[in-house]
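# What the coordinates show
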Amino acid sequence: MTQLAADRNTPRAEGDVKSLGLAASQKIFGGAMVMRNASGYGVEAATALALVGVGRADEQVDNSSGSAGDKAIKVRVGIFRYGNSSAGDAITIADIGKVCYAVDDQTVAKTHGSNTRSPAGFIRDVDTTGVWVEFDEAKLGDYLANNKVYVQARVETLVGANVYYALAPVAGRVTKIWSVIEGVLTTGDATLTAKIGATAITTGVLTITQAGSAAGDVDVATPTALNVVAAGSTLSATVGGTNATASKAQVVFEITRD
């Protein structure tokens, strides 16, 4: 485009209102807490993972019979009062400034519910009728991105059933596990089973495939349960599989702090 030579009718959007395409099969009521899923579409807040709080629904929109993006909803950002959890993780004034988590479309809690809930927003106040939640998707994204710690364990050989250890320096959840190999595998696949103490992390097994393997190959696992750590917890990777090549590897645990 070129520099203007006349007035331009430039569209304007209200800064505190977003138009958010709804995910398939969603019906959201006015006043409900709205979240964005991993695909970028709006969903009703619920106990679920891979969501992030966006704001309050300004209207009721029914996309129950539609596909993703067929309908959009107006979502207002700002500070709104929602219900406080009564399931043993109620929010108190000591939690002001921290992140809260969605229980349903009108309730928040101070914990992730053993890795079953997604972050809604920031706790700005608490009173006898509920919790005042600040919705700021960009700010929440920055907080989550900077709220991670990475711990490394060196695997000396991908042969056998050796166990390699690291320590969790902070409390939180193991949210990603990566491996990178330093040489090819020539006989069979290798596995690395991640554990916290003696407990295997659910969906925490990395499979390193022999076919086409090369130094620098990366594999990743995304834990879904049994991934909560305390500061000082033992993290480990146990070698398995049928590989017979003594290649080395690095394992990296991503811990999202509570």
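Heads up: these notes are all about the structure in this document. (Residues numbered from 1 in each chain as written. Predicted model: local features only at pLDDT ≥ 70, side-chain atom pairs only at ≥ 80, totals over all residues. Heavy atoms only, no water.)

The residue Asn37 is located in the loop between β3 (33-36) and β4 (42-44) in this model. Assessed through its relative accessible area of 19%, Asn37 is described here as buried. Within the structure, Asn37 has its side chain in polar contact with the backbone nitrogen of Ser39 (distance 3.0 Å). Non-local contacts of Asn37, meaning those with residues more than four positions away in its chain, are made with Ala23, Val43, Ala50 and Leu51. (Helix = DSSP H or I, 4+ residues; strand = E, 2+ residues; numbered from the N terminus. Buried < 20%, exposed > 50% of the residue type's maximum accessible area, 1.4 Å probe, protein only. Polar contact = N/O pair within 3.5 Å; in protein donor to acceptor, adjacent residues only side chain to side chain. Contact = heavy atoms within 4.5 Å.)

Strands sit in the order β1-β7-β5-β3-β4 across an open sheet of five strands; the sheet is antiparallel. Two strands in the sheet have a free side with no partner beyond their single neighbour: β1 (17-21) and β4. When strand polarity is set aside, the average angle formed by the axes of neighbouring strands in this sheet is 50°. In terms of strand pairing, β3 meets β4 through three bridges, oriented antiparallel. In the sheet register, Val34 faces β4, and the bridge partner there is Glu44. Packing against the sheet, helix α1 (residues 137-145) makes contact with β1, β3 and β5 (52-57), and its axis sits at approximately 160° to β5. (Pairing = 2+ DSSP bridges. Axes fitted to C-alpha atoms, helices over the stretch in contact; angles between N-to-C directions.)

This brings us to the environment of Ile96. Relative to the assigned elements, Ile96 resides in the loop between β8 (78-84) and β9 (99-104). Separated by 139 residues in sequence, Ile96 and Leu235 have C-alpha atoms that sit 31 Å apart. Among all residues touching Ile96, those that are not within four sequence positions of it are Ile123, Arg124, Asp125 and Val126.

Below, the discussion takes up unusual backbone geometry. The residue Ala50 is not glycine, and still its phi comes out positive at about 65°. Inspection of the secondary structure puts Ala50 in the loop between β4 and β5. Although it is not a glycine, Ser114 adopts a positive phi angle of roughly 55°. Note that Ser114 resides in the loop between β10 (107-109) and β11 (119-127). With relative accessibility at 57%, the residue Ser114 sits in the exposed group.

Inspection of the secondary structure puts Ala246 in the loop between β20 (234-241) and β21 (249-257). Setting aside residues up to four positions removed in sequence, Ala246 forms contacts with Thr157 and Val159.

Residues Ala190, Leu192, Ala194 and Ile196 of strand β16 (residues 190-196) are buried on one face, while the alternating residues Thr191, Thr193 and Lys195, pointing to the opposite face, are not. One ladder, built from six bridges, connects β16 with strand β17 (residues 199-208); its direction is antiparallel. Within β17, the position partnered with Thr191 by the bridge is Thr207. Linking two consecutive strands that pair antiparallel, namely β16 and β17, is a turn of two residues; a positive phi of about 60° is found at Gly197 within it.

Another aspect to go through is the nonpolar core. By size, the foremost hydrophobic cluster in this structure holds 29 residues, and its most contacted members are Leu158, Val174, Leu192, Leu235 and Phe253. Elements represented by at least two residues in this core include exactly β13 (148-155), β14 (163-167), β15 (172-181), β16, β17, β20 and β21. For Val174, the contacting residues outside a window of four places in its chain are Ile196, Ile201, Pro223, Asn227, Val229, Leu235, Phe253, Glu254 and Ile255. In this structure, Leu51, Ala102, Ala120 and Val131 belong to the second largest nonpolar core, which totals 18 residues. (Core = buried A, V, L, I, M, F, W, Y, C linked by side-chain atoms within 4.5 Å.)

Everything listed here is a matter of geometry and, on its own, says nothing about what the molecule does.
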